[in-house]
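# What the coordinates show
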Amino acid sequence: VMLIGLNGQHAALALYGDGLGSIAVVELQAGSTQHPSGGIVGALGSLPRVQVNGVGGSELATALGTAVEFTRDGIDYVVAGFVAPAAVEAVARGL
């Protein structure tokens, strides 16, 4: 786990796995980097919705990888990796 800066705010970055199969999890205080179009990434707010343990989130799934963003209990999460959607969703649900 590393402390990183994201848009002038502190965030935690955790990496699970090794190499291209790893999955990154970014956690930061909710609303600290809110984009006008919604969500911490902004563009993900208009993408397909996914449920993460009863909380709605957005998912970007491509042939190259997957990103999921959601907010729960005052924390914004982004979970992403060069892996299939099921792998990223499983990590997100385990948080």
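Our structure's up above, just so we're on the same page.
All of these numbers come straight from a predicted model, not from anything done at the bench.

## Notes on the nonpolar core
Residues Ile23, Val25, Val50, Val52, Val68, Phe70, Tyr77, Val79, Val83, Val88 and Ala92 constitute the largest nonpolar core, which totals 11 residues. Among the elements of the structure, β3 (23-29), β4 (49-52), β6 (66-72), β7 (75-81) and α1 (85-93) are those that each provide at least two residues to this core. Ignoring sequence-local partners within four residues, the contact set of valine 83 consists of Gly21, Ile23, Leu64, Gly65, Thr66 and Val88. Formed by 5 residues, the second largest nonpolar core is a distinct cluster that contains Leu13, Val26, Leu28 and Val78.

## Description of the pairing of strand β5 (residues 55-61)
Here 4 bridges tie β4 to β5, and the two strands are oriented antiparallel to one another. Among the inter-strand pairings, glutamine 51 is bridged to a residue of β5, identified as glycine 56. In this structure, the hairpin formed by β4 and β5 is closed by a connection of 2 residues, where asparagine 53 is found at a positive phi of approximately 50°. Inspection of the sheet shows β5 paired to β6 by 5 bridges, in the antiparallel sense.

Rules of the game
- Residues numbered from 1 in each chain as written.
- Predicted model: local features only at pLDDT ≥ 70, side-chain atom pairs only at ≥ 80, totals over all residues.
- Heavy atoms only, no water.
- Core = buried A, V, L, I, M, F, W, Y, C linked by side-chain atoms within 4.5 Å.
- Buried < 20%, exposed > 50% of the residue type's maximum accessible area, 1.4 Å probe, protein only.
- Helix = DSSP H or I, 4+ residues; strand = E, 2+ residues; numbered from the N terminus.
- Contact = heavy atoms within 4.5 Å.
- Pairing = 2+ DSSP bridges.

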